[in-house]
Amino acid sequence: MNTEKIALRSCPVCGGKRAEILITMRYAVLENFPLPAASDIVCCNACGMVYADTSGTQADYDRYYADLAGYAAENSIGSGIKDAARQEQSADWLASRISAKNARIVDIGCARGGLLAALAQRGFSSLAGIDPLAQCITHLKASGFSAWQGNLNCLPADCGRDFDFIILSHVLEHVVDVHGTFVSLRKLLSPGGKVYLEVPDAACYHNGSENLPPFHALSFEHINHFDLPRLTMLGALHGFGVSEVICKNIGIGNAFEQSFAVGVLFAHGERHTLASPLSKECNATLRKAIAGYVSESQRLLNAQTEILSATIKNRPVAVWGMGVDVQRQMAHPVWKDANIVAVVDRDPRKQGKAFPWEGGGKRLIIQPPEEGLRSLPANTLVVITAIHYADEIKSELAAINANLPFLELRKKPSVAI
Ligand SMILES: [Zn+2]
């Protein structure tokens, strides 16, 4: 197989177009899903950045996050009790690096404002949030923060242009137009201001990967896989120098257990630690790490597939949750002959949407769990793939239809019958 290609999407770091395909990811997607059902994960020949060579545009991704992603609800990712401890930790670190209590601080992609609330508790008085979701903006305003609907590729007209400190936490890995994001950061930042940028550390995807669904880190939501050298290079290209770096495990106490992030404090106009192209050795490090992660995921997937093919054969199957992991999981041929009788999800935005499941030649409609699971044959196996809410789902399942056996795929698959 020829793994070299001219990428559909330029490298988000250096703008290069020649790349090597590391793996092609396929997803079983809902009807009218805004994102492509397949994309290559590629490594840039010029700088070694790894990214999804997606055909989706920023507008497609914006539509996905507005309509389907799970960041707005009260109990969503980023607002749960488990995340609160992580935000307290981040707030402590940031608070000691922001000199004035009245510094103008904005958190971009702030969801429901958990980090802003933690900074408010530490005495910061000028706190604002920008988020694409209207529900989040309503919540932020009700909590007393300045808030505007928008994102870095579509800045709110009235949000001001002189922030002293900008927080961009777990946003940049989702963005198609990374350079546009940096142009916007420059526009929003006051002279002498700083930007704190945090992303998953792609150099560490393999750490703890045995506790997560295979290929979890290569979800269709994450399209840029940064490590520190490439983040540094990206900042330098836009005139930002690195003031400080933090590497942390953000998975402690969470379903992830181990999930590593890298945070960089950027200052504009500061002397760059790395303005020149990366060395040949450094160019290859990220590719090597991701290639290792891909083989480990493949090994886990094979093990999972063996269990799946034995357990879902010759019986009705119901799937609980239509999130990123299950959409990747169900593209696997092992599902082709499964007898899927119901697909359910707790998210009202997904309910009523169609899942054209090609394997079974069916068009399944996503239902609320109470409706979809109530009257199913007693031998129906409920497959649970959610990693964030698996415990909650199990207790809800017990309340709805306690007799149904289930298969949990979040870690090593296990069947409870
Ligand atoms: Zn590149």
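Residues numbered from 1 in each chain as written. Predicted model: local features only at pLDDT ≥ 70, side-chain atom pairs only at ≥ 80, totals over all residues.

1. Side note on the nonpolar core
Ranked by size, the top nonpolar core spans 113 residues in total, and within it L119, I166, V195, L197, V343 and V382 carry the most contacts. There are two domains that each give this core at least three residues, and those are domain 1 (65-292) and domain 2 (312-416). Other than its neighbours up to four places away in sequence, V382 contacts A318, W320, L373, L397, L404 and F406. (Core = buried A, V, L, I, M, F, W, Y, C linked by C-beta atoms within 7 Å. Buried ≥ 20, exposed ≤ 12 C-beta atoms within 10 Å, placed from the backbone. Domains from an automatic or database assignment. Contact = placed C-beta atoms within 7 Å.)

2. Observations regarding the confidence of the model for the chain
Chain-level pLDDT for the chain is 87 on average; 90% of the residues reach the 70-or-more range. In this model residues 72-81 is a low-confidence stretch, pLDDT under 50, and it forms 18 contacts with partners more than four residues away in sequence or in other chains. (pLDDT = per-residue confidence, 0-100.)

3. Here we look at the sheet that holds strand 1 (residues 4-6)
Two strands in a sheet stick together by hydrogen bonds in their backbones, pointing the same way (parallel) or opposite ways (antiparallel). Here we have five strands laid out as an open sheet, ordered 1-2-3-4-10, and antiparallel in their pairing. Unpaired on one side and paired on the other, strand 1 and strand 10 (224-225) mark the two borders of the sheet. As paired strands, strand 2 (residues 18-26) and strand 3 (residues 38-44) are joined by seven bridges and run antiparallel to one another. Across the sheet, residue R26 finds its bridge partner in strand 3, namely A38. Strands in contact with helix 7 (residues 280-311) are strand 2, strand 3, strand 4 (50-53) and strand 10; relative to strand 2, the strand with the most contacts, it is inclined by about 20°. (Pairing = 2+ DSSP bridges. Helix = DSSP H or I, 4+ residues; strand = E, 2+ residues; numbered from the N terminus. Axes fitted to C-alpha atoms, helices over the stretch in contact; angles between N-to-C directions.)

4. Structural notes on the sheet that holds strand 12 (residues 260-268)
Ordered in space as 7-6-5-8-9-12-11, the seven strands form an open sheet in which the pairing is mixed. Looking at which strands have only one partner, the edges of the open sheet turn out to be strand 7 (146-149) and strand 11 (240-249). Neighbouring strand axes in the sheet, compared pairwise and without regard to direction, differ in orientation by 15° on average. Relative to strand 12, strand 9 (residues 189-200) is paired through seven bridges, and the arrangement is antiparallel. Its bridge partner lying in strand 12, K194 is registered against A267.

5. Notes on the environment of D83
Turning to its location among the elements, D83 is positioned in helix 2 (residues 81-95). What makes D83 partly exposed here is the crowd of 19 C-beta atoms within 10 Å. Sequence spacing of D83 and L115 is 32 residues, and the spatial spacing of their C-alpha atoms is 9.7 Å.

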